[in-house]
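Notes for the structure review
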Amino acid sequence: MVDTSFAEQAQARLQSTLDELKALVELESPSSEKAAVDSLVDHIAARIEARGGDIERISQPEYGDLLVARWPGDDREPLFVMTHVDTVWPVGTFERIPCEIDDAVGRGPGIYDMKASVAMMLTALDILSELNAVGRPIVWLVNTEEEVGSPVSRQHIETLAREASTVLCLEPPVPPNDALKTQRKGVGMFTLTATGRAAHAGADHASGVSAIEELARQIQWVHGLTDYSKGTTVNVGVISGGTKRNVVAAEASALIDLRVETMAEADRLVPIVLSAAAQLEGTTVTVEGELNRPPMERSPHVLDAFERAREIAASIGQEVHESSTGGGSDGNFTAALGVPTIDGLGCPGDGAHAETEHIQVPKVAPRTALIAALLSKL
Ligand SMILES: [Zn+2]
């Protein structure tokens with residue numbers, strides 16, 4: 001028999017969830033603006049305290065402070081919930097793309113990726129206490145630097161994940177069927193720098209060695225490492241270099257993004273990228289970087305977790321699907337440790353990191369019900 005209590009509770013609390021969401025979106029929080037992110041963290045900490053959460057605030061010098069909130073439960077291992085509240089949108093975006101939520105669609109910077117998840121999580125906690133449906137202890141991380149690769153939070157994520165039975169990652173699901181993510185590519189981030197010798201481009205061209213020409217050759221080489229048949233891509237996304245039009249460039253560099261489906265492919269490819277060698281006489285090439293996020297492989301512990309989520313969803317009358325993505329999340333870290341990880345539990349919508357970013361408002365309550373049911377029944 002279908003348990004309708006979670007859906008009823010989530011629907012009854014829809015307006016308050018949306019009001020909370022609007023407040024979250026209006027506190028802009030680009031990863032790089034610590035003061036702005038900390039204001040949002042203060043706001044969320046107060047919301048968590050109001051729900052009886054025991055808060056550990058991990059202060060950080062560069063990015064916003066991290067919050068780890070804990071609620072007691074039975075004596076089993078906890079569930080570990082991951083959200084992030086930093087966005088890719090600079091302060092002021094809100095003036096251009098205001099937060100507007102109607103019956104169909106909600107817009108605003110970071111609404112889909114992933115402030116809706118925070119609003120839904122707060123409501124899910126209310127539902128658990130209202131229904132007296134608390135199961136395992138809950139540990140909730142509010143990350144503030146996910147969009148820049150979780151440089152500091154990673155160690156906390158890995159420690160908390162190892163202590164947990166299952167990780168719930170509230171990243172947005174995959175359109176069009178709102179699928180959970182059982183496979184994510186691993187992400188490598190590298191900087192390739194070419195150094196040559198400067199010279200006057202007119203008076204003394206022959207004595208210069210162009211770092212830009214070297215970089216151009218390196219870009220072609222590195223792009224040649226892409227292999228769609230393996231799901232491997234290598235992309236130079238940013239280049240810079242040179243000083244003046246009439247100067248042979250002494251330095252040029254490229255930012256490289258690498259994506260792989262398996263750890264084996266990462267082990268093969270990362271050393272190749274790091275081994276980049278100069279092709280022009282008189283230049284040097286150096287590469288710095290590493291695999292930032294290991295791939296989430298579609299392995300048995302991920303599939304088992306998905307299967308349990310599917311059963312719990314069915315128990316409240318919902319159907320969930322699975323899908324893969326080239327995008328990385330904090331779920332990559334936890335899945336790579338072998339901890340069962342359910343990713344993509346955020347609010348359905350589309351347009352992450354794009355002007356079209358939005359959520360589907362009719363799906364807020366059902367998704368909130370699903371999160372609450374998972375917290376109660378996993
Ligand atoms: Zn995200």
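All figures in this text were calculated on a predicted structure; none of them were measured in a lab.

Glancing now at the overall build of the chain. Within the chain, the secondary structure is distributed over 11 helices and 18 strands. Scaling as 2.2 N^0.38, a compact globule of 378 residues should have a C-alpha radius of gyration of about 21 Å, and the chain matches this with 23 Å. Its C-alpha atoms give the chain principal-axis dimensions of about 80 × 45 × 35 Å. Within the chain, contacts between residues at least 6 apart in sequence are counted, and of these 79% link residues at least 24 apart. Counting every atom, the chain has about 15900 Å² of accessible surface; 50% of that belongs to carbon and sulfur. Of the charged side chains in the chain, 31 are positive and 55 negative; the average position of the first set lies 2 Å away from that of the second.

Turning our attention to the environment of Tyr63. Take Tyr63: it is sitting in the loop between β1 (54-58) and β2 (66-71). A residue is classified by how much of its surface remains accessible, and Tyr63, at 14% relative accessible area, is buried. Spatially, the C-alpha atom of Tyr63 lies 32 Å from that of Lys363, the residues being 300 residues apart in sequence. When near neighbours in sequence (up to four residues on either side) are disregarded, Tyr63 contacts Ser31, Lys34, Thr144, Glu145, Val148 and Pro151.

Spatial ordering of the open sheet is given by β11-β13-β9-β14, a layout of four strands whose pairing is antiparallel. In the strand order of this sheet, the two ends are held by β11 (233-241) and β14 (284-293), each with one partner. Across the sheet, the mean angle separating the axes of adjacent strands is 15° when strand polarity is ignored. In this sheet, strand β13 (residues 251-260) lies alongside β11 in antiparallel orientation, the contact comprising eight bridges. Note that in β13 the partner of Gly241 across the bridge is Ala252. Strands in contact with helix α7 (residues 211-223) are β9 (186-195), β11, β13 and β14; relative to β11, the strand with the most contacts, it is inclined by about 170°. Of the strands in this sheet, β9, β11, β13 and β14 touch helix α8 (residues 263-274), which is tilted by about 160° from β14.

A separate point is the packing of helix α1 (residues 5-12) against helix α11 (residues 364-377). Interaxial distance between α1 and α11 falls to 8 Å at its minimum, and their mutual angle equals 130°. Classified by the angle between their axes, α1 and α11 sit oblique to one another. Seen along the crossing, α1 lies across α11 with a hand that is right-handed. Counting all contacts with α1, which are made through Phe6, Ala7, Ala10 and Gln11, the residues of α11 involved are Ala365, Thr368, Ala369, Ala372, Ala373, Ser376 and Lys377. In terms of residue class, the contact of α1 with α11 is built from seven nonpolar, three polar and one charged.

Calculation rules
Residues numbered from 1 in each chain as written. Predicted model: local features only at pLDDT ≥ 70, side-chain atom pairs only at ≥ 80, totals over all residues. Heavy atoms only, no water. Helix = DSSP H or I, 4+ residues; strand = E, 2+ residues; numbered from the N terminus. Rg over C-alpha atoms; globule rule 2.2 N^0.38 Å. Contact = heavy atoms within 4.5 Å. Areas by Shrake-Rupley, 256 points an atom, 1.4 Å probe, with all protein chains shown as cover. Lys, Arg positive; Asp, Glu negative; His and termini not counted. Charge placed at Lys NZ, Arg CZ, Asp CG, Glu CD. Buried < 20%, exposed > 50% of the residue type's maximum accessible area, 1.4 Å probe, protein only. Pairing = 2+ DSSP bridges. Axes fitted to C-alpha atoms, helices over the stretch in contact; angles between N-to-C directions. Parallel < 35°, antiparallel > 145°, perpendicular 65-115°, else oblique. Left-handed = near helix turned anticlockwise from the far one by under 90°. Nonpolar A, V, L, I, M, F, W, Y, C, P; charged D, E, K, R; others polar.

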